[in-house]
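Letter by letter, the chains look like this.
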Amino acid sequence: MSLFKARDWWSTVLGEKEEFDQGCLCLADVDNSGNGQDKIIVGSFMGYLRIFSPHSVKTGDGPQAEDLLLEVHLRDPVLQVEVGKFVSGTEMLHLAVLHPRKLCVYSVSGTLGNVEHGNQYQIKLMYEHHLQRTACNMTYGPFGGIKGRDLICIQSMDGMLMVFEQESYAFGRFLPGSLLPGPLAYSPRTDSFITVSSCRQVESYKYQVLAFATDADKKQETEQQKLGSGKRLVVDWTLNIGEQALDICIVPSNQSASSVFVLGERNFFCLKDNGQIRFMKKLDCSPSCFLPYCSVSEGSMNTLIGNHNHMLHIYQDVTLKWATQLPHVPVAVRVGCLHDLKGVIVTLSDDGHLQCSYLGTDPSLFQAPKVESRELNYDDLDVELKELQKIIKDVKAQGVWPMTEREDDLKVSALVSSNLDSVSQATNVEVGADSVPSITVKITLQNRVVLQKVKLSVYVQPPLASTCDQFAFDFAVPDMTSIVTFAVYLKRSYTPSELEGNAIVSYSRPTGIPRVIQCKFRLPLKLICLPGQPSKTASHKLTIDTNKSPVSLLGLFPDFANQSDEDQANVVGFRLLGGARVTLLASRTSQRYRIQSEQFEDLWLITNELILRLQEYFEKQGIKDFACSFSGCMPLQEYFELIDHHFELRINGEKLEELLSERAVQFRAIQRRLLTRFRDKTPAPLQHLDTLLDGTYKQVIALADAVEENQDRLLQSFAGLKSATHLLILLIRLWQKLSGDQTAILEAAFLPLQEDTQELGWEETVDAAVAHLLKTCLSKSSKEQALNLSSQLNIPKDTSRLKKHITLLCDRLAKGGRLCVSSDAAAPQAMVMPGGCTPIPESDLEERSLDSSAELFTNHKHLITEPPVPEVSALQGVLE
């Protein structure tokens with residue numbers, strides 16, 4: 001921050017909504033007046049060319065009309081303007097204007113006026129060159145050591161240097177390895193062009209090497225170049241600066257040497273003619289432009305550097321000599337002689353602020369305007385103060401946030417129809433031969449005040465889908481009621497992990513505060529399940545114990561039981577849409593219920609539905625001490641198999657994507673080869689490139705299909721894994737009689753993701769969460785709590801560590817550990833754990849000790865030891 005501002009000598013704003021860059025500003029005696037006074041030439045991307053000859057103005061006055069010598073619209077955008085000896089046969093100065101596809105050279109002349117309108121200026125086109133490639137920038141100078149005239153070199157966007165000997169085109173050369181064009185400058189002393197390539201290195205090319213190199217008809221090297229005929233373009237010297245360059249300037253330090261100045265994104269460099277670094281300076285602020293020039297002190301150089309903090313710094317070599325404030329961010333800076341005032345600093349911003357200023361030591365201080373004095377009425381002030389204090393008191397009493405017991409601004413309720421739709425609204429389903437039903441859900445919104453931007457979003461667990469999931473409302477007046485309906489159905493042929501849906505409403509209060517309301521609704525089991533025949537045998541079985549007498553399943557599941565078959569009142573069969581079967585049995589005497597199925601994950605929905613309906617049944621009976629429990633072995637082995645299957649699909653997906661990327665790169669490489677052959681003027685055999693292209697194309701299509709198929713299988717596997725996880729959490733809750741808060745901690749640890757991706761998957765997320773629980777609330781000592789977890793989640797090599805952590809979690813819960821989120825409560829909790837807990841294995845020896853404890857939880861596809869019976873009716877006696 002500088003105390004002193006740049007003293008404004010003359011300034012103006014160019015046009016409206018025009019854009020400018022570093023090449024759009026130039027200072028020179030363009031009209032060849034011979035009086036040593038520079039004119040300001042400015043070109044814009046809108047195609048306007050302006051020439052100014054400013055005069056000093058008084059403070060508060062704007063620029064005068066006679067300061068603008070010429071303004072002309074050239075139609076094409078102006079990329080750069082330069083003044084030099086560009087016309088053959090004369091050494092007069094002419095103006096070169098670079099457009100994207102054209103180079104024009106003009107002569108600027110003035111006519112003395114005999115009336116009050118003053119002198120008149122006009123430009124005349126001397127010649128123009130139409131460019132075959134889009135131009136980026138240009139430089140000029142006496143290329144090859146010629147005297148009395150300047151040649152022009154234009155760099156195209158694809159890295160080609162095009163040299164023009166005034167009215168004629170000389171040659172064009174591609175810079176080797178060019179990717180993006182950089183700043184370009186010409187050094188007269190060494191007769192070389194200096195640029196910064198996209199490799200972030202300064203490169204120097206001799207003009208003679210450019211002139212005698214092979215002609216560049218196309219960017220790729222021709223076969224003759226590869227065979228050695230002709231001279232290849234060789235760089236003279238390079239220097240790696242490690243950053244992109246904004247500009248390059250060549251300044252002659254004396255008769256025998258010159259300096260190359262390069263402005264980078266964070267530093268500016270001063271180089272010798274041979275590429276060696278004279279000095280460099282690290283900048284504190286991001287630079288926008290610079291201008292080096294010779295210092296009055298012998299052997300030193302001065303540099304003006306503008307930055308994005310509205311500052312202009314003046315350096316002598318690497319020492320900061322002065323800093324001044326500017327009213328804008330400069331993109332171009334020049335120094336010239338204007339109206340007998342030498343050393344005027346001219347700056348141009350990207351939005352057209354043109355300013356001529358000088359450095360000064362008189363600070364611009366703000367003077368407050370005089371305030372009209374008036375008599376104060378203290379009685380009115382007391383009344384106003386009391387009103388303000390009352391308003392402040394009311395706001396404090398109300399609070400910044402609304403109280404929870406107050407009436408909400410918006411009420412949202414959801415109602416699920418008790419019956420399925422008579423005509424199903426399911427579309428584009430992939431369930432198979434079964435007819436897919438749908439059910440209607442009605443959402444009601446009631447507003448108390450005027451609300452803005454009210455949007456309703458509906459989310460159901462895949463593969464469930466809704467006919468519409470986005471709604472918008474306009475509550476322009478209070479006390480309005482809006483009702484929307486939509487249908488939910490099963491879209492794919494696998495089971496969802498939950499039957500609960502969410503309706504989320506976002507809106508803005510009258511004060512502008514955004515709020516979100518969430519309303520949950522539960523879908524019926526009959527939406528995804530049909531009545532089925534009970535299964536005689538099953539691979540996976542669970543037994544749920546209760547403390548009350550068993551309930552008839554005909555009364556508990558009236559929508560799935562067969563009323564005519566009274567003998568099978570305690571057996572109900574379910575057939576999930578997609579083919580899976582689940583059987584539910586109730587014991588007559590032992591207060592037990594058994595759920596069995598061929599697939600472990602299919603047990604979840606029926607088990608959860610059973611517990612919910614039992615709780616609802618006993619609540620209606622007025623019984624409040626009903627409880628469920630689980631005393632069997634924890635089915636970790638079946639759970640681990642689902643984890644391994646899901647992880648295997650993730651690994652396969654990663655491999656398929658890598659193969660697809662490799663084949664896509666190969667496909668593009670073959671296309672480039674074929675395109676080169678087809679563009680070649682001399683026909684050449686394709687050498688079976690077309691056959692290779694066709695084969696690669698088929699591989700790309702096959703791999704893309706395989707990736708899509710793997711993604712579908714991964715979605716289905718993730719849904720099954722979530723169902724099994726819900727079931728495992730339910731069994732742990734019943735097993736250890738966990739509270740609601742402890743169950744919520746388990747759900748947060750095992751179900752952290754709604755969607756599974758390659759970047760962030762279920763395995764690494766759950767492993768980190770479970771490890772955190774083991775090292776905090778379930779830790780053995782404070783030493784384990786001090787251990788830090790990795791802050792970066794990466795896909796693991798296998799699932800062995802995750803499975804050991806889950807086994808250890810069950811072991812510590814079995815030994816009395818309790819879940820909590822407070823670190824203060826974790827330490828005393830670990831002190832009272834009976835029997836002591838095994839610490840988290842940090843070595844191979846400790847991991848081996850887990851094998852014995854893991855046997856306590858790995859199972860056992862048959863949780864009850866009775867042999868299977870052949871008849872369904874005999875299954876009832878198994879539980880008795």
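Just so you know, these numbers come straight off a predicted model, no measurement behind them. (Residues numbered from 1 in each chain as written. Predicted model: local features only at pLDDT ≥ 70, side-chain atom pairs only at ≥ 80, totals over all residues. Heavy atoms only, no water.)

Chemist: Explain the sheet that holds strand 36 (residues 514-522) to me, using residue names and the numbers behind them.
Modeler: On the basis of which strands lie adjacent, the open sheet formed by four strands has the order 33-31-35-36 and antiparallel pairing. Two strands in the sheet have a free side with no partner beyond their single neighbour: strand 33 (470-475) and strand 36. Neighbour-to-neighbour, the strand axes of the sheet open up by a mean angle of 20 degrees, direction not taken into account. (Pairing = 2+ DSSP bridges. Helix = DSSP H or I, 4+ residues; strand = E, 2+ residues; numbered from the N terminus. Axes fitted to C-alpha atoms, helices over the stretch in contact; angles between N-to-C directions.)

Chemist: Tell me what's going on with the nonpolar core, and back it up with residues and numbers.
Modeler: If you look at the biggest cluster of nonpolar residues, it comprises 100 residues, and the most contacted ones within it are Leu410, Phe574, Tyr639 and Phe750. Not counting the four nearest positions on each side in its chain, Leu410 is found in contact with Leu445, Gln446, Asn447, Leu451, Val454, Phe475, Val505, Tyr507 and Ile517. (Core = buried A, V, L, I, M, F, W, Y, C linked by side-chain atoms within 4.5 Å. Buried < 20%, exposed > 50% of the residue type's maximum accessible area, 1.4 Å probe, protein only. Contact = heavy atoms within 4.5 Å.)

Chemist: With reference to specific residues and values, describe the sheet that holds strand 38 (residues 540-546).
Modeler: A sheet is described by the order of its strands in space; here six strands give the open sequence 37-39-40-41-38-42, paired in antiparallel fashion. Since the sheet does not close on itself, it has two edges, and those belong to strand 37 (529-532) and strand 42 (628-629), each with one partner. Here six bridges tie strand 38 to strand 41 (residues 592-597), and the two strands are oriented antiparallel to one another. Bridge pairing in strand 41 places His540 opposite Ser597.

Chemist: Can you lay out the side chain of Asp31 for me, pointing to particular residues and giving the numbers?
Modeler: If you trace the backbone, Asp31 turns up in the loop between strand 2 (25-28) and strand 3 (39-43). Setting aside its immediate chain neighbours within four residues, Asp31 contacts Lys39, Val108 and Tyr121.

Chemist: Can you break down empty space enclosed by the protein residue by residue, with the values?
Modeler: What the rule picks out here adds up to three cavities of 30 Å³ or more. Its volume calculated, the second largest cavity comes out at about 50 Å³. For the second largest cavity, the full set of lining residues is Leu283, Asp284, Cys285, Ile305, Asn307, His313 and Tyr315. Broken down by secondary-structure element, the contributors of at least two residues to the lining of the second largest cavity are strand 23 (301-307) and strand 24 (311-316). A breakdown of the residues in the lining of the second largest cavity according to their chemical character gives four nonpolar, two polar and one charged. (1 Å grid on protein atoms, 1.4 Å probe; cavity = no way out; pocket = protein on both sides within 12 Å on 5 of 7 lines; lining within 4 Å. Points joined across faces, edges and corners; volume = space filled by probe spheres on them. Nonpolar A, V, L, I, M, F, W, Y, C, P; charged D, E, K, R; others polar.)

Chemist: Explain the pairing of strand 14 (residues 184-187) to me, and be specific about the residues and the numbers.
Modeler: Here strand 14 shows no split at all, with Leu184 and Tyr186 on one side and Ala185 and Ser187 on the other all buried. Pairing of strand 14 with strand 15 (residues 192-196), which is carried by four bridges, proceeds in the antiparallel orientation. The residue of strand 15 that forms the bridge with Leu184 is Thr195. In sequence, strand 14 turns back onto strand 15 through a hairpin of four residues, with Asp191 there showing a positive phi of about 50 degrees.

Chemist: Describe in detail the pattern of salt bridges, supporting the description with residues and values.
Modeler: Following the criterion strictly, the structure yields 23 salt bridges and no others. Across the salt bridge formed by Lys39 and Asp29, the nearest N and O atoms sit 3.5 Å from each other. Note that Lys39 is positioned in strand 3 and Asp29 in the loop between strand 2 and strand 3, a separation of ten residues in sequence. By relative accessible area, Lys39 is classed as buried at 5%. Taken together, the shared-partner salt bridges connect Arg522, Asp559, Glu609 and Arg613 into one network. (Salt bridge = Lys/Arg side-chain N within 4 Å of Asp/Glu carboxyl O.)

Chemist: Which residues make up the environment of Cys270, and what values go with them?
Modeler: Note on placement: Cys270 falls in strand 20 (residues 267-271). The spatial distance from the C-alpha of Cys270 to the C-alpha of Asp317 is 8.5 Å, given a sequence separation of 47 residues. In contact with Cys270, other than residues within four places in its own chain, are Ser259, Val260, Phe261, Gln276, Ile277, Arg278 and Phe279.

Chemist: Before we move on, can you summarise the packing of aromatic side chains with the specific residues and values?
Modeler: Enumeration according to the criterion identifies 22 aromatic pairs in this entry. Measuring from centroid to centroid gives 5.6 Å for Phe143 and Tyr207, while their planes differ by 40 degrees, and the two rings are tilted. Placement of Phe143 in the loop between strand 10 (135-141) and strand 11 (151-156) and of Tyr207 in helix 1 (residues 207-212) is noted, with a sequence separation of 64 residues between them. Using a relative accessible area of 1% as the deciding quantity, one classes Phe143 as buried. Using a relative accessible area of 7% as the deciding quantity, one classes Tyr207 as buried. Aromatic pair Phe667 and Tyr697: ring centres 6.2 Å apart, planes at 40 degrees, arrangement tilted. (Phe/Tyr/Trp six-rings, centres within 6.5 Å; stacked < 30°, edge-to-face > 60°.)

Chemist: Residue-level account of the packing of helix 6 (residues 636-679) against helix 11 (residues 800-814), with values.
Modeler: When two helices pack together, their arrangement is given by the angle between the helix axes and by the axis-to-axis distance. One can describe the packing of helix 6 onto helix 11 by two numbers: an axis separation of 11 Å at closest approach and a directional angle of 150 degrees. Here helix 6 lies roughly antiparallel to helix 11, going by the angle between them. The hand of the helix 6/helix 11 crossing is right-handed. Contacts from Leu636, Tyr639, Phe640, Ile643 and Asp644 of helix 6 reach helix 11 at Leu802, Lys803, Ile806, Thr807 and Cys810. A per-class count over the contact of helix 6 with helix 11 returns seven nonpolar, one polar and two charged. (Parallel < 35°, antiparallel > 145°, perpendicular 65-115°, else oblique. Left-handed = near helix turned anticlockwise from the far one by under 90°.)

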